[in-house]
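# Understanding the architecture of this molecule
Below are the chains, spelled out letter by letter.
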Amino acid sequence: MGFLNSIFGNSDHSDSQKNNINWIPLTNLTQLDEISNTSNVKPIVIFKHSTRCSISRMALKQFEKEYDLNETVDAFFLDLIAHRDVSNEIANRFNVYHESPQLILIKNGKAVYDVSHSDIDAEALKAEV
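A short tour of the structure in this document, coming up. (Residues numbered from 1 in each chain as written. Predicted model: local features only at pLDDT ≥ 70, side-chain atom pairs only at ≥ 80, totals over all residues. Heavy atoms only, no water.)

A few words now on the overall build of the protein. A tally of regular secondary structure across the protein gives five helices and five strands. Ordered by position from N to C terminus, the α and β elements of the protein give α-β-α-β-α-β-α-β-β-α. When the 129 residues of the protein are sorted by exposure, 42% land in the buried category. Look at the contacts in the protein between residues 6 or more apart in sequence, and 68% of them connect residues 24 or more apart. (Helix = DSSP H or I, 4+ residues; strand = E, 2+ residues; numbered from the N terminus. Buried < 20%, exposed > 50% of the residue type's maximum accessible area, 1.4 Å probe, protein only. Contact = heavy atoms within 4.5 Å.)

Dropping the structure here:
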């Protein structure tokens, strides 16, 4: 399997550890309170990723390649296959339609920017931060 992964890429997040994003794993519902509170002081980015989707993997890799906002925002990474309950609560709490891949910017406890698929772009995010 290692040979095939080297050619086609791996669908899990471990292969994207070679990037410049200080991802904070988003794994439980209580973190959403922290995100809401922190977003009053510092913008928060949530990247919702499906480990089963090649489009999601491509969007993630491209975003990680271009991203340079570590000092400006906190970046949370959600594996929505493993944590579907968290993904559903994000949709409810921040009033966004569930998509995957999806990038959401939270400021002052509200989603102010929400894009998915090919619209996920680190430069466009900069303009919104």
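We now examine the pattern of salt bridges. Summed over all chains, the structure comprises five salt bridges. The partner of Glu 89 in a salt bridge is Arg 93, and the shortest N-O contact between them spans 3.6 Å. Placement of the pair is Glu 89 and Arg 93 together in helix 4 (residues 84-94), with a separation of four residues, close to one helical turn. By relative accessible area, Arg 93 is classed as partly exposed at 32%. A salt bridge links Lys 126 to Glu 123; its shortest N-O distance comes to 3.5 Å. With a gap of three residues between them, Lys 126 and Glu 123 both fall in helix 5 (residues 122-128), about one helical turn apart. Relative accessible area serves as the criterion here: at 47%, Glu 123 is assigned to the partly exposed category. Several salt bridges converge on common partners, so that one network encompasses Asp 33, Glu 89 and Arg 93. (Salt bridge = Lys/Arg side-chain N within 4 Å of Asp/Glu carboxyl O.)

Ordered in space as 1-3-2-4-5, the five strands form an open sheet in which the pairing is mixed. With partners counted over all chains shown, the strands left at the sheet margins are strand 1 (24-25) and strand 5 (110-116), one partner each. Where strand 2 (residues 44-49) lies against strand 4 (residues 102-107), five bridges are found, and the strand directions are antiparallel. Along strand 4, the bridge assignment pairs Ile 44 with Ile 106. (Pairing = 2+ DSSP bridges.)

The biggest cluster of nonpolar side chains holds 19 residues, and the ones touching the most others in it are Trp 23, Phe 47, Phe 63, Tyr 67, Leu 103, Ile 120 and Leu 125. Broken down by secondary-structure element, the contributors of at least two residues to this core are strand 2, helix 3 (54-66), strand 3 (74-79), strand 4, strand 5 and helix 5. Residues contacting Leu 103, with those up to four places away along its chain left out, are Val 45, Ile 46, Phe 47, Phe 63, Tyr 113, Asp 114, Val 115, Ile 120 and Leu 125. The next biggest cluster of nonpolar side chains, apart from the first, holds 14 residues, and it includes Leu 26, Leu 78, Phe 94 and Val 96. (Core = buried A, V, L, I, M, F, W, Y, C linked by side-chain atoms within 4.5 Å.)

What follows concerns the side chain of Gln 102. Relative to the helices and strands, Gln 102 is located in strand 4. A polar contact is formed between the side chain of Gln 102 and the backbone nitrogen of Glu 99, at a distance of 3.2 Å. Apart from the residues within four sequence positions on either side, Gln 102 is in contact with Ile 46, Phe 47, Lys 48, Val 96, Tyr 97, Asp 114, Val 115, Ser 116 and Ile 120. (Polar contact = N/O pair within 3.5 Å; in protein donor to acceptor, adjacent residues only side chain to side chain.)

Let us now look at the packing of aromatic side chains. What the rule picks out here adds up to six aromatic pairs. Considering the side-chain rings of Trp 23 and Phe 47, the 6.1 Å spacing of their centres and the 65° angle between planes classify their relative orientation as edge-to-face. One end of the pair, Trp 23, is in the loop between helix 1 (2-8) and strand 1; the other, Phe 47, is in strand 2, with 24 residues separating them in the sequence. Classification of Trp 23 by relative accessible area gives buried; the value is 14%. Plain terms: the ring middles of Phe 47 and Phe 77 are 6.5 Å apart, the flat faces sit at 5° to each other, and that makes the pair stacked. Here Phe 77 lies in strand 3 and Phe 47 lies in strand 2, a separation of 30 residues in the sequence. Phe 47 sits in the buried class, given a relative accessible area of 0%. (Phe/Tyr/Trp six-rings, centres within 6.5 Å; stacked < 30°, edge-to-face > 60°.)

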